Amino acid sequence: MAFENILGNEKNKEILNSIAQSENSVHGYLWIGKDGIGKSLFATEFAKMLLCEKKEQKPCNKCKSCIEFDAKSHPDFMIIEPEDEKTIKIEQIRYMQEKIAEKPVTSTKKVYVITNSELMTREASNCLLKTLEEPPSYAIIILLTSNESKLLATIKSRLMKMYFAPIEEKHILAYLKENNLDTNITKNMLKQCEGSIGKAIKVLEEKEKYELIEDIIKKISTEDITTIWRKADVLYGAKENITSLLEYMSIVMYQKLREKNEIKYANAINIIEKTKQRILTNANYDMSIDNLLLELWEEFN
Ligand SMILES: [Zn+2]
């Protein structure tokens, strides 16, 4: 069965499967969904199916195309990714265009996947537009994005849009279990994963920090403010990934708000959001954390 190792998005699996088996694909796709929910995996599997030489039950895993694909040496397949995780440059799109102009070698089609396509520079986008306007008959281009609003409207209008949903929490737990990873994570930590396996793995790596955050929140109404400041090394030392820790704080407060329905938890979420903005606009880091804890402490005492 196609897509058998990929979690969730069953409807999309059906659609893509029938497109690949019928050999009746459009030239351009735009796949939209949060980072880490498996869009790249889907695109890779879909490409393998499109390129497979067999007439049905693709991918067969036996033909020359499938074997080359699994060996990551398929001449008719390419993934374009942002350089340094920041931008996709015009040179990368030009290179893709040179390659796409050459006729397929192993298969009858050529498939190109552009990940994080919202990171294309303006020049790269305009360059890609030319190919999307007049793609070679054998070419299929799949753009992946977590933020479609950043793509040019002229590009979007030439692509078939598909939405990918976050992975359900029970599927994330099942994945962790199957891969012998730590499944002993709290409900709040599962929320922090936002339906993304990629994020779940990051959450596990930082589990200790999230536990410390929960501990600070638990003690904020019983300890004095100087003790809270002293115990908050996890925040003071986390300048690089403070956003995810603050998001986690908000999640914990939000859960408490739902359980207890007390206004102080809503106020706490506001305080945390304000701190996030302050840090994003380069306010003094340590002072922002001092203030965050003080304001929370005042709210709870
Ligand atoms: Zn095959």
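Starting from 1, residues in each chain are numbered consecutively following that chain's sequence as written. Thresholds applied to this predicted model are a pLDDT of at least 70 for local features of residues and 80 or more for the giving and counting of side-chain atom pairs; totals over whole chains, interfaces and linings are not thresholded and use all residues. Each side-chain value is worked out from all heavy atoms of the structure, with water and hydrogens disregarded.

1. Section: the side chain of Gln 255
Mapped onto the elements of the fold, Gln 255 is located in helix H13 (residues 242-260). The class of Gln 255 is buried, set by a relative accessible area of 14%. We call two residues in contact whenever any of their non-hydrogen atoms come within 4.5 Å of each other. With residues near it in sequence (within four places) discarded, Gln 255 still touches Asn 188 and Lys 191. Counting from the N terminus, the helices are DSSP H or I runs at least four residues long and the strands are E runs at least two residues long. Only protein chains enter the calculation, and the probe is 1.4 Å; a residue is then buried if its accessible area is under 20% of its type maximum, exposed if over 50%, and partly exposed in between.

2. Considerations on the side chain of His 74
Turning to its location among the elements, His 74 is positioned in the loop between helix H3 (64-70) and strand S2 (77-80). Taking the relative accessible area as the measure of exposure, His 74 reaches 7% and is therefore buried. Polar contact is defined as a pair of N or O atoms within 3.5 Å, subject to the rule that within protein one atom must be able to donate a hydrogen and the other to accept it, and that residues adjacent in sequence are counted only when both atoms are side-chain atoms. Within the structure, His 74 has its side chain in polar contact with the backbone nitrogen of Asp 76 (distance 3.0 Å). For His 74, the side chain forms a polar contact with the side chain of Ser 107, separated by 3.2 Å. When sequence neighbours within four positions are dropped, the list of residues in contact with His 74 reads Leu 51, Ser 65, Glu 68, Phe 69, Thr 106 and Ser 107.

3. Points about the environment of Ala 47
Considering the arrangement of structural elements, one finds Ala 47 in helix H2 (residues 39-51). Residues Ala 47 and Asn 17 lie 30 residues apart in sequence; the distance between their C-alpha atoms is 11 Å. Ala 47 has contacts with Phe 69, Phe 77 and Val 111, leaving out every residue within four places of it along the chain.

4. Quick notes on the coordination of the zinc ion
Only nitrogen, oxygen and sulfur atoms count as donors, using a 2.8 Å cut-off from the metal that widens to 3.2 Å for Na, K and Ca. Water is left out, so coordination shells may look unfilled. Only Cys 52 (SG), Cys 60 (SG), Cys 63 (SG) and Cys 66 (SG) from the protein coordinate the zinc ion, and they sit 2.3 Å from it. In this structure, the zinc ion is surrounded by 4 donor atoms whose angles at the metal cover 105 to 116 degrees, and the resulting shape is tetrahedral. Metal sites are grouped by the angles between bound donors: all angles between 85 and 135 degrees with four donors is tetrahedral, opposite donors over 155 degrees apart with the others between 65 and 115 is square planar for four donors and octahedral for six, and any other pattern is irregular.

5. A closer look at the packing of aromatic side chains
A ring pair, where both rings are aromatic, is described by two values, the distance of the centres and the angle of the planes. Each aromatic pair joins two rings of Phe, Tyr and Trp (for Trp, the six-membered one) with centres within 6.5 Å, and gets the label stacked for planes under 30 degrees apart, edge-to-face for over 60, and tilted for any other angle. Applying the stated rule across the entire model yields 9 aromatic pairs. Ring centres of Trp 31 and Phe 46 lie 5.8 Å apart, and the angle between their planes is 40 degrees; on these two criteria the pair is classed as tilted. Linking Trp 31 in strand S1 (residues 28-32) with Phe 46 in helix H2, this pair joins segments that are 15 residues apart in sequence. A residue is classified by how much of its surface remains accessible, and Trp 31, at 0% relative accessible area, is buried. For Phe 46, a relative accessible area of 0% translates into the label buried. Pairwise contacts between aromatic rings join Phe 3, Tyr 29, Trp 31, Phe 42, Phe 46 and Phe 164 into one cluster.

6. Focus on the domain arrangement of the chain
Domains assigned within the chain are domain 1 (10-163) and domain 2 (206-300). Start and end points for every domain follow an automatic or database-based domain assignment. Each of domain 1 and domain 2 was reduced to a C-alpha centroid, and the two centroids are 42 Å apart.

7. So, the sheet that holds strand S5 (residues 160-163)
Here 5 strands make up an open sheet; going across it, the order is S2-S3-S4-S1-S5 and the pairing parallel. Sheet topology places S2 and S5 at the edges, where each strand pairs with a single neighbour. In this sheet, adjacent strand axes meet at a mean angle of 15 degrees when their direction is disregarded. Two elements, S1 and S5, share 4 bridges in a ladder whose sense is parallel. Within the sheet, the bridge partner assigned to Leu 30 lies in S5 and is Lys 161. Helix H1 (residues 10-22) rests against S1 and S5 of the sheet, and its axis sits at about 145 degrees to S5. Here, strands pair whenever DSSP counts at least two bridges between them. Between N-to-C directions, angles cover 0 to 180 degrees, with each direction set by a line fitted to C-alpha atoms, over the stretch in contact for helices.

8. Let's talk about H2
The terminal C-alpha atoms of H2 lie 18 Å apart, and with 13 residues this matches the ideal 18 Å at 1.5 Å per residue to within 8%. Listed in full, the buried residues belonging to H2 are Lys 39, Phe 42, Ala 43, Phe 46, Ala 47, Lys 48, Met 49, Leu 50 and Leu 51. Where H2 is buried, its residues touch H1, S1, H3, S2, strand S3 (110-114) and strand S4 (139-145). The span expected for a helix works out to 1.5 Å for each residue beyond the first.

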